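The chain contents come next:
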Amino acid sequence: MAARARTRPRTARADTSSRGRKRKSRFSIAKFNRPGIVGPVAILAVLAAAAIAFDGAEVGRSARDWLLRTFGFGLLVVLAWALYGAAASWRGWYLDRGPFLRRTGGVVAAGLFAWGLFGLNEAPWTAWNVSFQEVSLGGDIGRRLVSGFLGKLAWISLFIVAASLLAPGPTRWFATHAPLWVEEAWERRLPHRGAAAFGRWVQFILRRPGENDDEIVIGAGSFERLEPMGRTALEGAPVIFRPSIDPASPSSPVGTGAAAAFTPLPAEELELEEPAAEVPEEEEEPSEPLQLGLELEPKSGWQLPAIEMLTAPQPSIHRKHDNAARAQLIVDTLASFGVDATVVEINEGPTVTQFGVEPGWEVRYKDVPLREENGKALLGPDGRPRTERVEVSRTRVRVNKITALQNDLALALAAPSLRIEAPVPGRAIVGIEVPNDAATVVTMRAVMETKEFADLEKKTKLAIALGKGVSGVPVVADLGKMPHLLIAGATGSGKSVCMNSIIAGIMMNATPDQVRFVMIDPKRVELTSYSGIPHMAFSEVIVDMDKVVGVLQAVVGEMEARYKKFAGVAVRNIEAYNKHPRILKKLPYWVVIIDELADLMMAAPFEVEKLICRLAQLARATGIHLVVATQRPSVDVVTGLIKANFPTRIAFAVTSQTDSRTILDMGGAEKLLGRGDMLYMPTDAAKPIRIQGVYLSDAEVERLVEFWKDERFGELAPETADALLEEALAAQNGGEADIEVEFDDPVVDRARALAIQHQRVSPSLFQRRLKVGYLKAAKIIEILEDEGIVGPREDGESRRVLAGTAVEDPA
């Protein structure tokens, strides 16, 4: 036993020593048996043998020149690829196969793109014996990469591939927003302006020295809306005004200050230009400064305001929303309540962002036990029967399950209010409208410069710019097809701004000969700024509640008189009447603006309702349209009879769902955000359209009113219908109107001074010059007749002036 005990330790020591010898011998051999060491040693050995056998310097120069000629600066790209490979091997990027392949493909594409960029440059550089002007900076390889049209197209594609693989997030963001930028630039006509500026620059560069240096020739044959810089072009240079129509005509632009287009004349005409002394006096220079406007017709003398009078749209500066994150939050919130849905589209508008949600499926499953061929149940490892889950039924998620979670979605999105449109008209989706953190201001000019408004403007003079929808698409409408408009909204919701935009939009595109306004403003603050414009059908804005019924009766009388005119020429509407060959003077459209219907209904509810409903039923064919607004859309103001005759309605933010149902016959307006956020219900839509209304500042309204009240339009202003109003007021009072005019009245003194300046006078002349009504003007005529200043009535309303030195009345 002792011997055995001694032999075992020796055996263990012997085994330990043998293992130690084997470990040492294996370590010393494997240390140098590696490809990373053997490969470079072999290459060095081959290079050393080649240097001994051949001329090493000559071989090096040849190899260097071959590398530069073949690769060029592409050697830097190869070096970058080698560094990337070393980094990938050192950091172990190749272990994550998917991202490594995507990143490697991007690096290769970016390198080839840079190599092709070198290949496009043939700089006159020389390095050793290689001229890069012959082979390009990218060498032969770089030059061949971009050779031909297909090569350049493939080279550009390499940049897109590299960007998509190396930076997929920014590339996706750029691809999503680039079309929006292009669309915005096209709406603002930036490419057109850039092309026009480039064309002017090319003309300036190609202009011959000394040509048109000292004079600017203005051709009055074409009238355009001038850019603001057109005025400064006249300073510091003599002007030769060459009208294409008779300057002696009363409608000549020389006398009215019409805007002219600057047209440079050819050199042949400049050489034949007459001296300034021989030019007639009326053609030497315009008698009035040039105005920004568009000449409508050579015979009418009217000018339309230039679009530059309106404020230019400003770019949005508010923070962009992470719509992808909000879309995912909507999906997660619905899923937490057991509703399967997917966000399929996102439309970001000026005020809200609409997320298009597609309902998913409600799937029901059933557990079915598995059995063997003999019918015996299969048992699992735990001894229980094994089952298989089988789909039993699949049904669509009901829409009301999504709409019922409106408050929960608002809580998850931290939104003050949500509006769910289920479904979106014409789409198989549910629209969830989430308010933006900051609303973008939609200016009136931004909508008027769009293609949609330009197309509508060519068809009608009653084009209206309403605003932009939830997807940023401009929304325009034709008041003639509405044919009447009912507007309701709480105080401060944007109702007055909407009415101002309707009036201003018509004034921008129609002259007083084409459209006339009848304005009723019981509040005395909203529409009084338009007093004095030539578009007014009556001489003033009606603010007295006692005259409201008479005004509506006068409009009804105008409607009946127009129907009699239609019957005389056998036509049915105003469009056919104005196109009739026997009609020399066209009838203008009338737009009746009523700012507060509630005040009218409180003063005379039965008369007002009867007259408004009569106009709404019959006035469309005669070209008379109503725009009625109220801030209290209750059933006693917006009665069922009035609402039935106003198919087109606009609802701004209201206080309750009851008010929303009164104006729209459905809820939704109580969830609007205010400040121009509206629901527009056209005649051909089953559901209202959400719009951010256009904004028109007070300064823009003042500029527009001052343009139309300019003195150059004083002689062109059409006669008002005050005689019709006075007759209606007299009939309302049960007899003649009580018009008292004294002999010592200052108005009579002004009438005397005005009469001795003309050969003939009429009540319409006194109405325009003295700003009085028809009956008062007729009373003044009678006083002047008693004084012997004017003679008795002859043909028509005009009277011959008998006293004083008179000149022919240009009117």
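Residues numbered from 1 in each chain as written. Predicted model: local features only at pLDDT ≥ 70, side-chain atom pairs only at ≥ 80, totals over all residues. Heavy atoms only, no water.

**Thoughts on the packing of aromatic side chains**
Argument step 1. Counted by the stated rule, this structure contains 18 aromatic pairs.
Argument step 2. Taking the centre distance of 5.9 Å and the plane angle of 45° together, the rings of Tyr 84 and Trp 93 count as tilted.
Argument step 3. For Tyr 84, a relative accessible area of 14% puts it in the buried group.
Argument step 4. Residues Phe 538 and Trp 590 carry aromatic rings whose centres are separated by 6.1 Å and whose planes lie at 85° to one another, so their mutual orientation is edge-to-face. Note that Phe 538 is positioned in the loop between strand E17 (515-520) and helix H21 (548-569) and Trp 590 in strand E18 (residues 589-594), a separation of 52 residues in sequence.
Argument step 5. Here Trp 590 falls in the buried class, since its relative accessible area comes to 4%.
Argument step 6. In textbook terms, an aromatic cluster arises when at least three aromatic residues are bridged by ring pairs, as seen for Trp 302, Phe 707, Trp 708 and Phe 713.
Argument step 7. When the ring centre of Phe 707 is taken as origin, the NZ or CZ atom of Arg 712, which lies over that ring, is 4.9 Å away. (Phe/Tyr/Trp six-rings, centres within 6.5 Å; stacked < 30°, edge-to-face > 60°. Buried < 20%, exposed > 50% of the residue type's maximum accessible area, 1.4 Å probe, protein only. Helix = DSSP H or I, 4+ residues; strand = E, 2+ residues; numbered from the N terminus. Lys NZ or Arg CZ within 6 Å of the ring centre and 35° of its normal.)

**Considering the sheet that holds strand E12 (residues 419-421)**
Argument step 1. Spatially, four strands are ordered E8-E9-E13-E12 in an open sheet, and the strand pairing comes out antiparallel. Two strands close off the open sheet at either side, each with one partner strand: strand E8 (341-348) and E12. Strand-to-strand twist of the sheet, defined as the mean angle between neighbouring strand axes without regard to direction, takes the value 25°.
Argument step 2. Sheet topology places E12 next to strand E13 (residues 430-435); three bridges connect them, and they run antiparallel. Bridging from a neighbouring strand, Arg 419 pairs with Glu 433 of E13. (Pairing = 2+ DSSP bridges. Axes fitted to C-alpha atoms, helices over the stretch in contact; angles between N-to-C directions.)

**Re a nonpolar patch on the surface**
Argument step 1. A contiguous nonpolar surface patch, about 620 Å² in accessible area, is contributed by Phe 198, Trp 201, Phe 204, Ile 205 and Leu 206.
Argument step 2. Following the sequence through the fold, Ile 205 ends up in helix H10 (residues 190-206). (Patch = residues over 30% accessible without salt bridge, like charges linked within 9 Å, V, L, I, M, F, W, Y side chains within 5 Å. Areas by Shrake-Rupley, 256 points an atom, 1.4 Å probe, with all protein chains shown as cover. Salt bridge = Lys/Arg side-chain N within 4 Å of Asp/Glu carboxyl O.)

**Describing the confidence of the model for the chain**
Argument step 1. With 79% of its residues at a pLDDT of at least 70, the chain reaches an overall mean of 78.
Argument step 2. Here residues 210-292 is a poorly scored stretch, pLDDT under 50, and it has 129 contacts once near neighbours within four places are set aside; other chains count.
Argument step 3. Scored below 50 in pLDDT, residues 805-811 makes 16 contacts in the model with residues more than four places away or belonging to other chains. (pLDDT = per-residue confidence, 0-100. Contact = heavy atoms within 4.5 Å.)

**Concerning the pairing of E17**
Argument step 1. Summarising burial for E17: six of the six residues are buried, a large majority.
Argument step 2. Because side chains alternate across E17, one face comprises the buried residues Val 515, Phe 517 and Met 519, and the other comprises Arg 516, Val 518 and Ile 520, equally buried.

**Comments concerning the packing of H21 against helix H24 (residues 605-618)**
Argument step 1. At a minimum axis separation of 10 Å, H21 and H24 run at an interaxial angle of 25°. Judged by the angle between their axes, H21 and H24 are roughly parallel. By crossing handedness, the relation of H21 to H24 is classed as left-handed. On H24, the residues touching Val 549, Leu 552, Gln 553, Val 555, Val 556, Met 559, Glu 560 and Tyr 563 of H21 are Glu 607, Val 608, Leu 611, Ile 612, Arg 614, Leu 615 and Leu 618. (Parallel < 35°, antiparallel > 145°, perpendicular 65-115°, else oblique. Left-handed = near helix turned anticlockwise from the far one by under 90°.)

**A short note on unusual backbone geometry**
Argument step 1. Cis peptide bonds are those with omega within 30 degrees of zero, and the linkage from Ala 422 to Pro 423 qualifies with -10°.
Argument step 2. Looking at the element boundaries, Pro 423 is found in the loop between E12 and E13.
Argument step 3. Even without being glycine, Arg 524 reaches a positive phi, approximately 65°.
Argument step 4. Looking at where Arg 524 falls in the secondary structure, it is placed in the loop between E17 and H21.
Argument step 5. Although it is not a glycine, Ala 570 sits at a positive phi angle of roughly 60°.
Argument step 6. You can see Ala 570 is positioned in the loop between H21 and helix H22 (574-579).
Argument step 7. For Ala 570, a relative accessible area of 70% puts it in the exposed group.

**Focus: the nonpolar core**
Argument step 1. Within the largest apolar cluster, 64 residues are counted, with the highest numbers of intra-cluster contacts made by Ile 487 and Phe 517.
Argument step 2. Of the residues forming this core, the biggest block, eight residues, is contributed by helix H20 (residues 495-509).
Argument step 3. Val 551, Met 601, Leu 615 and Ala 721 belong to the second largest nonpolar core, which has 50 residues in total. (Core = buried A, V, L, I, M, F, W, Y, C linked by side-chain atoms within 4.5 Å.)

**What to know about helix H27 (residues 698-708)**
Argument step 1. Listing the buried residues of H27 in full gives Glu 700, Val 701, Leu 704, Val 705, Phe 707 and Trp 708. Burial along H27 is one-sided: seen end-on, the buried residues are contained in an arc of 155°. Residues of H27 that are exposed and point over 90 degrees away from its buried face: Asp 698, Glu 702 and Glu 706.
Argument step 2. Residues of H27 that are buried sit in contact with strand E7 (303-305) and H20. (Arc of directions from axis to C-beta.)

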